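Structural features, examined
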Amino acid sequence: MGIEAYQQQNAVSDDPYVLILKLYEGLLKYLSFVKNAMENENIEQKFNYINKSIAIFDELRNVLDFDGGDVAYYLDGLYLYQIETLFSAGIDDNINSVNQVMKVTQGLIDAWKDETGL
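Since the structure is predicted, the reported quantities are computational estimates derived from the model, not experimental observations.

With respect to the secondary-structure elements, Thr-85 resides in helix H4 (residues 70-92). Residues contacting Thr-85, with those up to four places away along its chain left out, are Ser-97 and Val-101.

Summed over all chains, the structure comprises two salt bridges. Salt-bridge contacts for Asp-93 lead to Lys-46; the nearest nitrogen and oxygen are separated by 2.6 Å. Pair noted here: Asp-93 is in the loop between H4 and helix H5 (95-116) and Lys-46 is in helix H3 (residues 43-62), with a separation of 47 residues, a long-range link. According to the relative accessible area criterion, Asp-93 is partly exposed, its value standing at 44%. For Lys-46, a relative accessible area of 4% puts it in the buried group. Across the salt bridge formed by Asp-76 and Arg-61, the nearest N and O atoms sit 2.5 Å from each other. Of the two residues, Asp-76 sits in helix H4 while Arg-61 sits in helix H3, which places them 15 residues apart along the sequence. Take Arg-61: its relative accessible area is 26%, and that puts it in the partly exposed class.

If you look at the biggest cluster of nonpolar residues, it comprises 30 residues, and the most contacted ones within it are Tyr-24, Phe-57, Leu-60, Tyr-79, Leu-86, Val-98 and Leu-108. Elements supplying a minimum of two residues to this core: helix H2 (16-39), H3, H4 and H5. If you tally residues by element for this core, the top one is H2, at ten residues. Discounting chain neighbours no more than four positions away, the residues touching Val-98 are Leu-31, Val-34, Lys-35, Met-38 and Ala-89.

Next up on the list: the packing of aromatic side chains. The full count for this structure, using the stated rule, is six aromatic pairs. Judged by centre distance (5.8 Å) and plane angle (45°), the rings of Tyr-17 and Trp-112 are tilted. Of the two residues, Tyr-17 is situated in helix H2 and Trp-112 in helix H5; the sequence distance between them amounts to 95 residues. By way of ring pairs, the aromatic residues Tyr-30, Phe-33 and Tyr-49 are connected into one cluster.

This brings us to the packing of H2 against H5. Where H2 contacts H5, the two axes come as close as 10 Å, and the packing angle between them is 165°. One way to sum up the angle between H2 and H5 is to call them roughly antiparallel. Crossing of H2 over H5 shows left-handed handedness. Classifying every residue of the contact of H2 with H5 gives 16 nonpolar, five polar and four charged.

How each quantity is defined
- Residues numbered from 1 in each chain as written.
- Predicted model: local features only at pLDDT ≥ 70, side-chain atom pairs only at ≥ 80, totals over all residues.
- Heavy atoms only, no water.
- Helix = DSSP H or I, 4+ residues; strand = E, 2+ residues; numbered from the N terminus.
- Contact = heavy atoms within 4.5 Å.
- Salt bridge = Lys/Arg side-chain N within 4 Å of Asp/Glu carboxyl O.
- Buried < 20%, exposed > 50% of the residue type's maximum accessible area, 1.4 Å probe, protein only.
- Core = buried A, V, L, I, M, F, W, Y, C linked by side-chain atoms within 4.5 Å.
- Phe/Tyr/Trp six-rings, centres within 6.5 Å; stacked < 30°, edge-to-face > 60°.
- Axes fitted to C-alpha atoms, helices over the stretch in contact; angles between N-to-C directions.
- Parallel < 35°, antiparallel > 145°, perpendicular 65-115°, else oblique.
- Left-handed = near helix turned anticlockwise from the far one by under 90°.
- Nonpolar A, V, L, I, M, F, W, Y, C, P; charged D, E, K, R; others polar.

Structural data, given as structure tokens:
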């Protein structure tokens, strides 16, 4: 669902490195919407954007190359932990947990840009 959402938003690139960056950036956008929905006590929007964020993490997990080494296993665990954190944050209305996922996502963006030269 994550990649499909970006295709619909004209964010598709032939470069898979750019696509991964767009997914990370989309995560930040959706997570900010989660926080806004929590602040406005809009339960439907909150879970809509949590679900979109989780779908992006799932898509990121789907494209991991486990034959490429330990980094894929590390990222898989990290993505799973972020999914669990978001799920719990939604139930508890914990904006601090959403902020933590945003911080991790920003770190992923920074590392990805450093690694790929984007």
